[in-house]
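If you want the building blocks of each chain, they are given just below.
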Amino acid sequence: IYSCCYLSRRLNQLSSHDPLWKRHCKKYWLISEEEKSQRNQSWKAIFISTYSDLGRYIRYYATLKKAWDDLEKYLGQRCPRMIGSLKESVREEDLDAVEAQIGCKLPDDYRCSFRIHNGQKLVVPGLMGSMALSNHYRSEDLLDIDTAAGGFQQRLGLKQCLPLTFCIHTGLSQYMALESVEGRNKYEIFYQCPDQMARNPSAIDMFITGTSYLEWFTSYVNKVVTGGYPIIRDQIFRYVHDKECVATTGDITVSVSTSFLPELSSVHPPHYFFTYRIRIEMSKDALPEKACQLDSRYWRITNAKGDVEEVQGPGVVGEFPIISPGRVYEYTSCTTFSTTSGYMEGYYTFHCLYYKDKFFNVTIPRFHMVCPTFKVSTARMVSGDAETNHNEYAVDEDEDSTDTDEYEDRRRVLDIPAPSGRCPRHT
């Protein structure tokens, strides 16, 4: 419309009809009536001034601005201190300077997001989610543009990759490929995973987390603001809950959510690390005499090959929780698989507090764990350092899965980050 208005007098007259510009201001720039009143300009003037600044991002701006607005509103109510870590927008010339510095073009959706917010300060908690086990803690910050540029990679294995996130405790980052090199697609986003069986240090496998910045960021925000990730002690925890992973036995309901931990996993050797969060709740309408105490657990663990392992042990995470009407008990634990997927199911054994010789089992619903898509390092395939299957999803070697309840802390998920490293494997 802005270009066409110069073609004829009639079009010029039509283009000055302010309601016409109101629709476009709301559609493309999310300008509200209140903001218009504050700016004291016509809709046309607002559209033109905004377009002159952000016009190259017209395909992305509304989607990303809405995502940021939704995220800020949600976090403002639930994680207010995280809002304080967000940084103000950057200028076009700042983004141009970074491109000149790294010698690569930044995708427009990435640039657009940083015209809204320049990531966050390096703090805890991280905007891009946390995860905690008894001896392992991760919290990913969304990097500001200067910090990201400082971490831009030109070394083999991560050539022309820009870090998007960073965890100050583990050193873990999610990277975006700015060019299609070393087997990556342009703008693909991934966690790096060093190949532990290769002699070549540039042999880095990848767990894929997104195909573009727009898809990666907005899908994460949607998961957060719809309650898909739980908020625990002012942090976003990246546990995914399958609504079918719920089982009720009498007055007790058990539900499960899971998460894949790339920083504790590897493709070679095949070692896929998952954590799960279990919620045990007794109905508030249950009779007082239904109060009971958990004595033991039984697990049946099955990997993708159909191999089964059975695990029994006293209590959970070294505790023997008492469940009474309306009470909730939650804890986290972990397991590993040598295959890209597997599932667990089982039961808890309780005894009644009022009738101590009465025992009963409570079903733990079957829950599945699936490794995200990964790509095998091209350096490894070329070097032939070890046998490899060139299939993007291939895994082979066999290894027992392990239930590690004794080592996980109930609800102790935040206060002091523990040193990184593999969780102890114990049955």
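Each value, and the rule that gives it
Residues numbered from 1 in each chain as written. Predicted model: local features only at pLDDT ≥ 70, side-chain atom pairs only at ≥ 80, totals over all residues. Heavy atoms only, no water. Core = buried A, V, L, I, M, F, W, Y, C linked by side-chain atoms within 4.5 Å. Buried < 20%, exposed > 50% of the residue type's maximum accessible area, 1.4 Å probe, protein only. Helix = DSSP H or I, 4+ residues; strand = E, 2+ residues; numbered from the N terminus. Contact = heavy atoms within 4.5 Å. 1 Å grid on protein atoms, 1.4 Å probe; cavity = no way out; pocket = protein on both sides within 12 Å on 5 of 7 lines; lining within 4 Å. Points joined across faces, edges and corners; volume = space filled by probe spheres on them. Nonpolar A, V, L, I, M, F, W, Y, C, P; charged D, E, K, R; others polar. Domains from an automatic or database assignment. Phe/Tyr/Trp six-rings, centres within 6.5 Å; stacked < 30°, edge-to-face > 60°. Salt bridge = Lys/Arg side-chain N within 4 Å of Asp/Glu carboxyl O. Pairing = 2+ DSSP bridges. Polar contact = N/O pair within 3.5 Å; in protein donor to acceptor, adjacent residues only side chain to side chain.

A. Representation of the nonpolar core. Leu 106, Tyr 110, Leu 127, Tyr 213 and Phe 217 are the most contacted members of the largest nonpolar core, which totals 51 residues. It is helix α5 (residues 61-78) that provides the largest number of residues to this core, a total of seven residues. Contact partners of Leu 127, with chain neighbours within four places excluded, come to Trp 68, Leu 71, Leu 75, Met 82, Leu 86, Gln 120, Glu 140, Asp 141, Leu 142, Tyr 220 and Ile 236. One finds Leu 172, Tyr 191, Tyr 272 and Ile 364 within the second-largest nonpolar core, a separate group that totals 39 residues.

B. Local environment of the layout of surface pockets. In this structure, the largest pocket occupies an estimated 650 Å³ of space. Those elements that place two or more of their residues in the lining of the largest pocket are β8 (204-210), α10 (213-225), β12 (252-260) and β19 (359-370). Sort the elements by how many residues they give to the lining of the largest pocket and α10 lands first, with five residues. Class assignment for the residues of the lining of the largest pocket results in 14 nonpolar, six polar and four charged. Here the lining of the largest pocket spans two domains, since at least three of its residues come from each of domain 2 (60-225) and domain 3 (240-372). Quantified by volume, the second largest pocket comes out at close to 250 Å³. The wall of the second largest pocket is formed by 14 residues, among which Pro 230, His 241, Ser 255, Ser 257 and Arg 277 lie closest to the centre.

C. Local environment of the packing of aromatic side chains. Taken as a whole, this structure holds 23 aromatic pairs when the rule is applied. Ring centres of Tyr 175 and Phe 190 lie 6.1 Å apart, and the angle between their planes is 25°; on these two criteria the pair is classed as stacked. Taken together, the residues Tyr 175 in strand β6 (residues 174-177) and Phe 190 in strand β7 (residues 189-194) connect sequence positions 15 residues apart. Judged on exposure class, the residue Tyr 175 and its partner Phe 190 are both buried.

D. Molecular detail of the pattern of salt bridges. All chains considered together, the criterion is met by 27 salt bridges. With a closest N to O distance of 3.6 Å, Glu 92 and Arg 56 form a salt bridge. Highlighted residues: Glu 92 in helix α7 (residues 92-102) and Arg 56 in the loop between α4 (43-54) and α5, separated in sequence by 36 residues. Given a relative accessible area of 16%, Glu 92 falls into the buried group.

E. Inspection of the pairing of strand β11 (residues 240-249) at higher detail. Pairing geometry for β11 and β12, over six bridges, is antiparallel. Bridge pairing links His 241 to Ser 257 in β12. Hairpin connection of β11 to β12: two residues between the antiparallel strands, including Gly 250 at a positive phi of 65°.

F. Spatial organisation of unusual backbone geometry. Along the chain, Val 124 connects to Pro 125 via a cis peptide bond; the corresponding omega equals 10°. Relative to the helices and strands, Pro 125 resides in the loop between α8 (108-116) and β1 (130-133). In this chain, His 268 is followed by Pro 269 through a cis amide linkage whose omega measures 0°. Residue position: Pro 269 is located in the loop between β12 and β13 (272-282).

G. Layout of the side chain of Arg 138. Secondary-structure assignment places Arg 138 in strand β2 (residues 136-139). Here Glu 140 takes part through its side chain, which lies 3.4 Å from a polar atom of the side chain of Arg 138. Within the structure, Arg 138 has its side chain in polar contact with the side chain of Glu 263 (distance 2.8 Å). Once you skip the residues sitting within four places of it in the chain, Arg 138 turns out to touch Gly 129, Ser 130, Met 131, Cys 167, Thr 170, Leu 172, Arg 238, Leu 261, Pro 262 and Glu 263.

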